[in-house]
Amino acid sequence: MPLSQADVRHIATLSRLEFDQDQLADFQGKLDRIITFVDQLTAVDMGGVEPMAHPLDLTQRLRADEPDSAIDRDRIQENARETTDGYYRVPKVIE
């Protein structure tokens, strides 16, 4: 079903687009080709095709989720200029 110029104007209004009469005819042809292509895609029989998350057969190489040594906060904060109760103290930047 080809798009009419009124359809294209309505789509342009919904999309908040403005264009002149020459551009209207150009967009009408382009949108008509897009809709024709989508119709061709919907005509393909997809029965028996499993959906996939990625077109390539990839696996994630992840490390084992095992507990590791804890970070020694006191040792890390030795380099900080000033700390209080395990938190870093910084100069006030917002008045």
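Comments concerning the pattern of salt bridges
Under the defined criterion, the tally for this structure stands at two salt bridges. One salt bridge in this structure joins K30 and D26, with 3.3 Å as the shortest N-O distance. One end of the pair is K30 and the other is D26, both in helix 2 (residues 21–42) and four residues apart, which spans about a single turn. Judged by its relative accessible area of 38%, K30 falls in the partly exposed class. The shortest N-O distance in the salt bridge between E82 and R89 comes to 3.3 Å. R89 sits in the partly exposed class, given a relative accessible area of 48%.

Considerations on unusual backbone geometry
Notably, R16 is not glycine yet its phi reads approximately 60°, a positive angle. The phi dihedral of D85 is positive, around 55°, even though this residue is not glycine. Its location among the elements puts D85 in the loop between strand 1 (83–84) and strand 2 (87–88). When its relative accessible area of 71% is taken as the criterion, D85 is described as exposed.

Thresholds, definitions, all that
Residues numbered from 1 in each chain as written. Predicted model: local features only at pLDDT ≥ 70, side-chain atom pairs only at ≥ 80, totals over all residues. Heavy atoms only, no water. Salt bridge = Lys/Arg side-chain N within 4 Å of Asp/Glu carboxyl O. Helix = DSSP H or I, 4+ residues; strand = E, 2+ residues; numbered from the N terminus. Buried < 20%, exposed > 50% of the residue type's maximum accessible area, 1.4 Å probe, protein only.

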